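Summary of the model geometry
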Amino acid sequence: AEPWPRYSSKEVAEHSSIEKGIWVSYKDGVYDITKFVANHPGGKDKIMLAAGKAIDPFWRIYQQHTGRGNAVELLESMRIGDLSDPPTADCGSCPYNTDPERHPALIFHNNKPCNAELPAELMLDSWLTPNPVWFIRHHHPVPCINPKQYRLCVDGVGTKKVTLCLEDIKSRFLKREVVTTIQCGGNRRSELDQIEKTSGIPWGFGAMSTAKFGGVYLREVLQHCAGLSHENVEAFEVKHVIFKSLDGMEASIPVEKALSPYGDVLLAYEMNDEPLNMEHGAPVRVVVPGVVGVRNVKWLGQITASRDEAEGPWQRGIAYKGFSPMVKDLKGIDIEKIPSMQDLPIQSAIVTPKAGSIVELDDIEVRGFAWSGGGRGIVRVDVSIDEGNTWVTADLLDGKDAARFVSECSCRRGHFWSLLVNIYHCLSEQM
Ligand code: HEM
C-alpha cells in the first residue's frame, strides 16, 4: 500500500475550524473528522475541545473510546495521514487511580469510566439491591469530595443564590425516605443488538437497581432557598431544573416533576440506611423516581432553575433521545427538536430460568421482575410458553409500583427457549 502522507502536529493545529477542516491526531495517525463532529455520540462541544490537537489525553479521561466500542474503528475510517512527531509518553497520572474498589460480582463493561451491572443471579435475592452490587453507570472518574468542604449552590431565574453545606441540608429540612428503582436508559441494549447493532454499552438487564434513599425533598429545598413554587413558576417562566455534577456532567428535569408533591424527587445523602458512598454520588445525589437514570445526577454541586434544559450530550445528545426503528442514520433529522428522555416505559424480564437454558423438568417456576417509569404501577404480569397463544397470569410478590413475579408453567423438556421470547406482556396503571 502507498505510505500515508506525513503531517506535523503544527499542521494538524492549523485545522481546527469547519472552514479549514477539523483534524485531530491519535497516536501516530492524523484524521479529518470534519463531517463526523455533528454526529459525535458524546456531543459536538466535547469533540471540538480536541480540534487541531492530539486526542490521546482526552481519551485517557473518556476511555470508553478505547474499550469495547467502535470508536477506534470509526476514527481509522477518517485517517488521512501519519503524524511526523507523535507524542512520546503519556503525561500525568491516570485520573481513575482514585476510583473506589469494586465488588467482583458486578459484570464490568468498562472500568474507565466504570460501567458495571448487577448480575442476574443476585437480582431477585432481595427487594433492595445491596449497595456493593448496585449497578454503576459513570461518565468520568469518581470525584473525591471531602464532606466537610462540600457546598451545594442553588440559583437560577428569579432567585438569589444560596449555598448550603451538608450540615445545612441535613438540619434545615425534614429527612424523607423514598424507595425507588433507577434504570439506565440503555438497559437491555444487548438484546437490541441481537436484532441490529446499536452503539453504546451492551447492557444485559442488570443496569437497574433498587434502594431506599434518605435525604430531603428537592421541592422543599427549591421552595425555601429559591422561593420557587407552583404559584410563581409561571411568572418566572421557569421550565426546567438543572443539576450540575462535580464530575462535569449535567442534566435537567421538567420543573413540574421537580415541584410535584407526588414527584418524590430527593436530594439523597443515604442509601439503604448507610451514608451515601462515593461510588453512588456522595455527599449528595439526585434521585428522580420513574425517570431515566442519567437525570439522577450524582455528586451534585449545583441546582439551577432555568428557562432552558441542561446543555451537553447527556441531555441534548442522540444517546438520550428516542427514535423510530426505521431511523438508520441521522441525515436530515434536527436532533434539537426531539425531546430528551424523561419518564421510562414499562420493563419486564424473566430472570430464571436463564435465556437459552435447557429445562429438565416438566413443570418449571419462572421468576422475573416488572417495573414501570413515570409513577405508573404494575397491575399484572402474564407469561406465555406458546408464542403468545395462551397466557398464565403470574403472582406478584411485591408492592404495586414495581414487582417481582413468579409463575408455574408446564412445558415439555427443553422448551424454555421459546417461552423466553414471548413473555413481555405487562400492564401498567397510571397512578
Ligand atoms: C462517546 C467516538 C472524540 C468525548 C463516543 C462514542 C463514540 C465516540 C463512538 C459512543 C461510545 C459509547 O457509548 O460506547 C469518538 C470519535 C472521536 C471522539 C471517533 C474522534 C475524534 C472525543 C473527544 C472527547 C469525546 C475528543 C472529549 C473531549 C465523548 C463523551 C462521550 C463520547 C463524553 C459520551 C460518553 C458517555 O456517555 O459516557 N465518542 N469520539 N469524544 N465521546 Fe467521543
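Note that the structure is a prediction, hence the values are computed from the model and not measured.

Definitions and cut-offs
- Residues numbered from 1 in each chain as written.
- Predicted model: local features only at pLDDT ≥ 70, side-chain atom pairs only at ≥ 80, totals over all residues.
- Heavy atoms only, no water.
- Helix = DSSP H or I, 4+ residues; strand = E, 2+ residues; numbered from the N terminus.
- Rg over C-alpha atoms; globule rule 2.2 N^0.38 Å.
- Buried < 20%, exposed > 50% of the residue type's maximum accessible area, 1.4 Å probe, protein only.
- Contact = heavy atoms within 4.5 Å.
- Areas by Shrake-Rupley, 256 points an atom, 1.4 Å probe, with all protein chains shown as cover.
- Lys, Arg positive; Asp, Glu negative; His and termini not counted.
- Charge placed at Lys NZ, Arg CZ, Asp CG, Glu CD.
- Donors = N, O, S within 2.8 Å, 3.2 Å for Na, K, Ca; no water.
- Tetrahedral: all angles 85-135°; square planar, octahedral: opposite > 155°, others 65-115°.
- pLDDT = per-residue confidence, 0-100.
- Near = heavy atom within 4 Å.
- Polar contact = N/O pair within 3.5 Å; in protein donor to acceptor, adjacent residues only side chain to side chain.
- Domains from an automatic or database assignment.

**With respect to the overall build of the protein chain**
When its secondary structure is counted, the protein chain shows 11 helices and 25 strands. For the protein chain, the C-alpha radius of gyration of 24 Å lies close to 22 Å, the compact-globule estimate for 431 residues. For the protein chain, the spread of C-alpha atoms along the principal axes amounts to about 70 × 60 × 45 Å. Here the protein chain, with 431 residues, has 51% of them falling under the buried criterion. If you take every contact in the protein chain between residues at least 6 apart in sequence, the share linking residues at least 24 apart comes to 68%. Accessible area of the protein chain: about 21500 Å², with a carbon and sulfur share of 53%. A gap of 4 Å separates the mean positions of the 47 positive and 56 negative side-chain charges of the protein chain.

**What about the coordination of the iron atom of the ligand?**
In this structure, His40 (NE2) and His65 (NE2) serve as the protein donors to the iron atom of the ligand, at separations of 2.0 Å. Its six donor atoms give the iron atom of the ligand angles of 86 to 180° at the centre, a pattern that matches the octahedral case. With a gap of 25 residues between them, histidine 40 in the loop between β4 (29-32) and α2 (44-48) and histidine 65 in the loop between α3 (56-61) and α4 (71-76) connect regions that are remote in the sequence. As far as burial versus exposure is concerned, histidine 40 and histidine 65 are alike and both buried.

**What about helix α8 (residues 218-226)?**
Counting buried positions along α8 yields seven of nine residues, so the element is predominantly enclosed. Along α8, the residues classified as buried are Leu218, Arg219, Glu220, Val221, Leu222, Cys225 and Ala226. Downstream of α8 by a residue or two, glycine 227 has a phi angle that is positive, lying close to 60°.

**Here's the deal with the confidence of the model for the protein chain**
Overall, the prediction assigns the protein chain a mean pLDDT of 87, with 91% of residues at 70 or greater. Low pLDDT (under 50) marks residues 411-431, which in the prediction has 71 contacts with non-local residues, meaning those over four places away or in another chain.

**Regarding the site of the ligand**
In the vicinity of the ligand, 21 residues are found, and the nearest of them are His40, Gln64, His65, His139 and Trp314. Here a nitrogen atom of the ligand and a side-chain polar atom of histidine 40 are 2.8 Å apart. The side chain of histidine 139 places a nitrogen or oxygen atom 2.9 Å from an oxygen atom of the ligand. Looking at the shell around the ligand, the elements with two or more residues in it are α2, α3 and α4. Both domains that meet at the shell around the ligand, namely domain 1 (6-83) and domain 2 (107-337), each give it at least three residues.

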